[in-house]
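# Survey of secondary and tertiary structure
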Amino acid sequence: MPIPAFTRSGALPKGLHKCHPDEFYDRYCVSPVNRSAIEEKKGKVVRENMRDVIEEMLSFAAERGSEMIIFGGSFITDEPYPDDIDCIIIVPNEKCIPSKNETFVVSNCKIDAIFITKDKESTIYRMVNLFSRNRFDLEVGLVGVIIDDSEDITDYEDFPEYYNLETHLEDILVYTARHVVTGFQKKSLLVTIHGLNTDADWNYELAPIVSSDNWIFAPFRYGNVKSPLLSDGRKILEKFREWIYDLNSKYKITPSIFAHSYGTIVLGSYLDSFSSNPLVPFNDVILAGSILNSDFDWNSCIQSGSVKRVYNLIAPNDPWVPHIQKIRWLNNHPLYGTAGIAGFNTQEDVAIFQEESVPLFDHSNMLKKDIFEQKVMPFLNTSRII
């Protein structure tokens, strides 16, 4: 059956409406007749330019043995300039799911693709039910584009029978938490701050990992300093203050921070100097080998909006952090402490303030590729979804 006409609300009538690619192109990859309106909508996606993208998506799915892509969202409504494409790609097995985000290059268009294996029927039905309701929780129709009809296509038209309000609300919260294929994504900014007596060579390993995920990478390097106590520490703080302000002004992006060892003191001093409300706020803050006091006031930083989330990597067997107590006794620095081995005392929710203790960690071996790829970047990238 052909794709039905839109309802008065501009959506399809409820149900899963199957079609072949050509019908989908003719219906959804054609721009409005009013060309002047297109000129007034600069920065929006023009539908007639989307055919190549959809063809690439279908080819992408076909290579992985998918029978059908189920489309939802604004792209299958009468919205003339949709901002994104939402779809479910059903594949035969886990090996068909891309291990890393793959990109369709589309100016100003975001593609949210959920990959689900065919054997996980309950998950498929849950996602179909999620797509079948708009932001007003009203039922809308979906389109299933058939890729391979050489065999019997699984019929998911009975998805309303699997609707459950509780699971539906849960799915809204975790939507696209795993597989997000992005055609346009605003760059993010990551600043790293190293510790003492080091050339911070670990930045060379982190740089390509960060850049490949579409982040601007900006290490703050203050030199191989051995004892930045008193006046030297003040100079480093002033240098960081200028550095972070210039970056924020240039790129107009709220930065995230990865701070190691003395770098955590630099960050903590900056926040404390502005009474937890600095001129430049931060998105995510990741701490490793922290020598901040366990009583550092993260609650005020988060509640003021100066920091969105914190992730503290704890090394209980760190041989260097315990010595900070002696240094604190020498210069009476209130921010010095052992949060890198003892953690912080905070009342914030675990979704906002996370700590993870790994006995294998020492002071520096957490600055490795496996930690950057499996812990640091996933934490940073979830901000884009949240």
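As a starting point, this report considers the structure included with it.

### What to know about the pattern of salt bridges
Taken as a whole and judged by the stated rule, the model has 11 salt bridges. Between glutamate 67 and lysine 118 there is a salt bridge; the shortest N-O distance is 2.9 Å. With a gap of 51 residues between them, glutamate 67 in the loop between helix 3 (51-63) and strand 2 (68-72) and lysine 118 in the loop between strand 4 (110-117) and helix 4 (121-131) connect regions that are remote in the sequence. You can call lysine 118 partly exposed: its relative accessible area is 32%. With its nearest N and O atoms 3.8 Å apart, the salt bridge here joins arginine 133 to glutamate 139. A network of salt bridges, in which partner residues are shared, links Lys14, Arg133 and Glu139.

### Here's the deal with the side chain of arginine 47
Assignment of secondary structure puts arginine 47 in the loop between helix 2 (35-40) and helix 3. At 7.0 Å, glutamate 79 is the nearest oppositely charged side chain to arginine 47, a buried residue that forms no salt bridge. Here threonine 77 takes part through its backbone oxygen, which lies 3.3 Å from a polar atom of the side chain of arginine 47. Here glutamate 79 takes part through its backbone oxygen, which lies 2.9 Å from a polar atom of the side chain of arginine 47. Those residues in contact with arginine 47 that sit more than four places away from it in its chain are Tyr28, Cys29, Val30, Ser31, Ser74, Phe75, Thr77, Glu79, Pro80 and Pro82.

### Quick look at the nonpolar core
Nonpolar side chains tend to gather and get buried jointly when the protein is soluble and globular. In this structure, Phe240, Ile257, Phe282 and Trp298 are the most contacted members of the largest nonpolar core, which totals 41 residues. For this core, the secondary structure elements donating two or more residues are strand 6 (188-193), strand 7 (215-220), helix 7 (231-251), strand 8 (256-260), helix 8 (262-273), strand 9 (282-288), helix 9 (298-303) and strand 10 (307-314). Among the elements that line this core, the one with the most residues is helix 8, at 6 residues. Residues within four places of phenylalanine 282 in sequence aside, it is in contact with Phe240, Ile244, Thr254, Pro255, Ile257, Leu267, Tyr270, Leu271, Ser306, Val307 and Lys308. With 29 residues, the next largest nonpolar core counts Leu58, Ile76, Ile85 and Val143 among its residues.

Rules used in this analysis
- Residues numbered from 1 in each chain as written.
- Predicted model: local features only at pLDDT ≥ 70, side-chain atom pairs only at ≥ 80, totals over all residues.
- Heavy atoms only, no water.
- Salt bridge = Lys/Arg side-chain N within 4 Å of Asp/Glu carboxyl O.
- Helix = DSSP H or I, 4+ residues; strand = E, 2+ residues; numbered from the N terminus.
- Buried < 20%, exposed > 50% of the residue type's maximum accessible area, 1.4 Å probe, protein only.
- Lys, Arg positive; Asp, Glu negative; His and termini not counted.
- Polar contact = N/O pair within 3.5 Å; in protein donor to acceptor, adjacent residues only side chain to side chain.
- Contact = heavy atoms within 4.5 Å.
- Core = buried A, V, L, I, M, F, W, Y, C linked by side-chain atoms within 4.5 Å.

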